[in-house]
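# Structure assessment
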Amino acid sequence: MNVSIEILEFPLCVKNKILRIKDITKLNIEYIAGKNIIFNNSNLGLKEPHKIIISNGKERIVLLCYDDDTNLYNEDLSEIITISKLTDIVKEILENNKNF
């Protein structure tokens, strides 16, 4: 079976929202673009979400976002992560970084 993979462009609006969080630049942030995976000669396809990995070397959080959705989700999609909640998570990671 032939498979086509289309790399999606990471949404700039999501990057801008994240970079507005105070002191987030003190952490490592990695943006991984999502993909459209299409199974040729069928009506099947998959959308792999964009990933945002925020870490301090000891702790990390993986967030997911989709092209057609402005929400961020935790790694297992069980919870929506708002920008205010992400701000609290970043503060906690930075505090834990000071304790090491």
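Not measured: the values here are computed from a predicted model.

Next up on the list: the packing of aromatic side chains. To describe a pair of aromatic rings, one takes the distance between the centres and the angle between the planes. Counted according to the given criterion, the structure contains two aromatic pairs. Here Phe 10 and Tyr 31 contribute two aromatic rings whose centre-to-centre distance is 5.1 Å and whose plane-to-plane angle is 65 degrees, an arrangement assigned as edge-to-face. Of this pair, Phe 10 sits in the loop between strand 1 (3-7) and helix 1 (12-19) while Tyr 31 sits in strand 2 (residues 28-32), and the two are 21 residues apart along the sequence. On the accessibility criterion, Phe 10 (10% relative accessible area) is buried.

Within the secondary structure, Asn 36 is located in strand 3 (residues 35-39). What makes Asn 36 buried here is its relative accessible area of 16%. Every residue in contact with Asn 36, bar those within four places of it in the chain, is listed here: Ser 4, Ile 5, Glu 6, Leu 8, Leu 46 and Lys 47.

As a further point, take empty space enclosed by the protein. A water-sized probe, rolled over the atoms, reveals where empty space remains. Taken as a whole, this structure holds one cavity of 30 Å³ or more when the rule is applied. Within this model, the largest cavity holds a volume of roughly 50 Å³. Forming the boundary of the largest cavity are Leu 8, Lys 47, Glu 48, Pro 49, His 50, Cys 65, Tyr 66, Asp 67 and Asp 68. Residues that form the lining of the largest cavity fall into these classes: four nonpolar, one polar and four charged.

Another point: the pairing of strand 5 (residues 50-55). Extensive coverage of strand 5 is indicated by the burial of five of its six residues. Note: strand 2 against strand 5, five bridges, orientation antiparallel. Residue pairing across strands places Tyr 31 opposite Ile 52, the latter belonging to strand 5. Bridge analysis of strand 5 against strand 6 (residues 60-65) gives six bridges, and the strand direction is antiparallel. Residue pairing in the sheet places Ile 52 in a bridge with Leu 63 of strand 6.

The next point concerns unusual backbone geometry. The backbone phi angle of Asp 23 is positive, close to 65 degrees, even though this residue is not glycine. Here Asp 23 lies in the loop between helix 1 and strand 2.

Our focus in this paragraph is the confidence of the model for the protein chain. Predicted confidence across the protein chain gives a mean pLDDT of 89, with 96% of residues reaching 70 or more. Element-level mean pLDDT values for the protein chain span from 85 in helix 2 (residues 83-98) up to 95 in strand 2.

What counts, and at which threshold
Residues numbered from 1 in each chain as written. Predicted model: local features only at pLDDT ≥ 70, side-chain atom pairs only at ≥ 80, totals over all residues. Heavy atoms only, no water. Phe/Tyr/Trp six-rings, centres within 6.5 Å; stacked < 30°, edge-to-face > 60°. Helix = DSSP H or I, 4+ residues; strand = E, 2+ residues; numbered from the N terminus. Buried < 20%, exposed > 50% of the residue type's maximum accessible area, 1.4 Å probe, protein only. Contact = heavy atoms within 4.5 Å. 1 Å grid on protein atoms, 1.4 Å probe; cavity = no way out; pocket = protein on both sides within 12 Å on 5 of 7 lines; lining within 4 Å. Points joined across faces, edges and corners; volume = space filled by probe spheres on them. Nonpolar A, V, L, I, M, F, W, Y, C, P; charged D, E, K, R; others polar. Pairing = 2+ DSSP bridges. pLDDT = per-residue confidence, 0-100.

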